[in-house]
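Letter by letter, the chains look like this.
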Amino acid sequence: DTHLGASVTPLLDASWILDIDTTVKQLYGKQEGAVVSYNPRKPGRPSHSYHTYLMAGLRLVLGMDVRAGDEHTGSHALPGLIKILDGLPPERCPMIVRGDCGFGSDTLMQALEERGQGYLFKLKHTKNVKRLVERLFRQSGWTDAGQGWEGMNGNLELLGWKGERRVVVLRRELQGEMLVAQTDDTGQQLLGFIEAERKSGKQLTGYEFAVLVTNLDLEVLSLGQLYRDRADAENAFDELKNQWGW
């Protein structure tokens, strides 16, 4: 940790973003912490959880924690994250801590709020999140969020949260006609075509949507682009996992 800090800390005078991510590492032996838990590729196979902390853009790994397979949630990434943040002087802390829908938990966000640390996370599409999307969808005032997306600000308090937080709902129209595939109980694949009725003039529009939670005082356009930039971090995590043996 000392050597890693000496290599990275001098670079942190500029504004920077800290991306966090969790990777499931499949195991085939009897290693310590080999626990059967969430494993989308090989259910039932023991695994470790790798919580990684990455400097966005430069793709520098600031730290990584190996945890047991059943310690894969965002709250288990919190100790390593706090260790990094508390080990930095205030002027060298990241402008934003950024993560996907696994990190939008009250425990993690509250710890960042207590430190005055900015964050930007994606929320899972729970029932209450979908209710917010439905409520805002019919309202006017959607603004440009870049690359064909529209966005609108809102406030949301989910179960387990200790108060309301700012959220941004993003939506984008799906282009062209769509084909929906589903597998039934017998293993048969069912297909459904969603088509616009051009003769009758009826237009059926599909949307993809995302909901972000943040404590940043930025406009919708900037927040939308900041989260889309996370795609580069996802590429780095994918390379570490698939090209470097994680």
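The rules behind these values
- Residues numbered from 1 in each chain as written.
- Predicted model: local features only at pLDDT ≥ 70, side-chain atom pairs only at ≥ 80, totals over all residues.
- Heavy atoms only, no water.
- Patch = residues over 30% accessible without salt bridge, like charges linked within 9 Å, V, L, I, M, F, W, Y side chains within 5 Å.
- Areas by Shrake-Rupley, 256 points an atom, 1.4 Å probe, with all protein chains shown as cover.
- Salt bridge = Lys/Arg side-chain N within 4 Å of Asp/Glu carboxyl O.
- Buried < 20%, exposed > 50% of the residue type's maximum accessible area, 1.4 Å probe, protein only.
- 1 Å grid on protein atoms, 1.4 Å probe; cavity = no way out; pocket = protein on both sides within 12 Å on 5 of 7 lines; lining within 4 Å.
- Points joined across faces, edges and corners; volume = space filled by probe spheres on them.
- Helix = DSSP H or I, 4+ residues; strand = E, 2+ residues; numbered from the N terminus.
- Nonpolar A, V, L, I, M, F, W, Y, C, P; charged D, E, K, R; others polar.
- Core = buried A, V, L, I, M, F, W, Y, C linked by side-chain atoms within 4.5 Å.
- Contact = heavy atoms within 4.5 Å.

Draft legend 1. Expanded view of a nonpolar patch on the surface. A cluster of nonpolar residues, Leu179, Leu191 and Phe193, forms a patch on the protein surface that exposes about 350 Å² of accessible area. When its relative accessible area of 59% is taken as the criterion, Phe193 is described as exposed.

Draft legend 2. Quick look at the layout of surface pockets. Approximately 690 Å³ is the volume found for the largest pocket. As for the largest pocket, its lining consists of 29 residues, and the residues nearest its centre are His72, Asp100, Cys101, Gly102 and Lys124. When residues of the lining of the largest pocket are traced back to their parent elements, those giving at least two are strand E1 (17-26), helix H2 (74-86) and helix H4 (127-137). Looking at the lining of the largest pocket, the element that brings in the most residues is E1, giving five residues. Looking at side-chain class alone, the lining of the largest pocket contains ten nonpolar, 13 polar and six charged residues. Quantified by volume, the second largest pocket comes out at close to 390 Å³. Forming the walls of the second largest pocket are 16 residues, and the residues nearest its centre are Asp1, Gly5, Leu62, Lys83 and Ile84. Elements with a minimum of two residues in the lining of the second largest pocket: helix H1 (2-8), strand E4 (60-68) and H2. A breakdown of the residues in the lining of the second largest pocket according to their chemical character gives eight nonpolar, five polar and three charged.

Draft legend 3. Highlighting the nonpolar core. One finds Leu81, Leu112, Phe121, Leu123 and Val213 to be the most contacted residues of the largest nonpolar core, which totals 37 residues. The biggest single contributor to this core is H2, with six residues. In contact with Leu81, not counting residues within four places along its chain, are Leu18, Ile20, Tyr53, Val97, Leu108 and Leu112. In this structure, Ile17, Ala145, Leu170 and Leu212 belong to the second largest nonpolar core, which totals 13 residues.

Worth remembering: the numbers are spatial, not functional.
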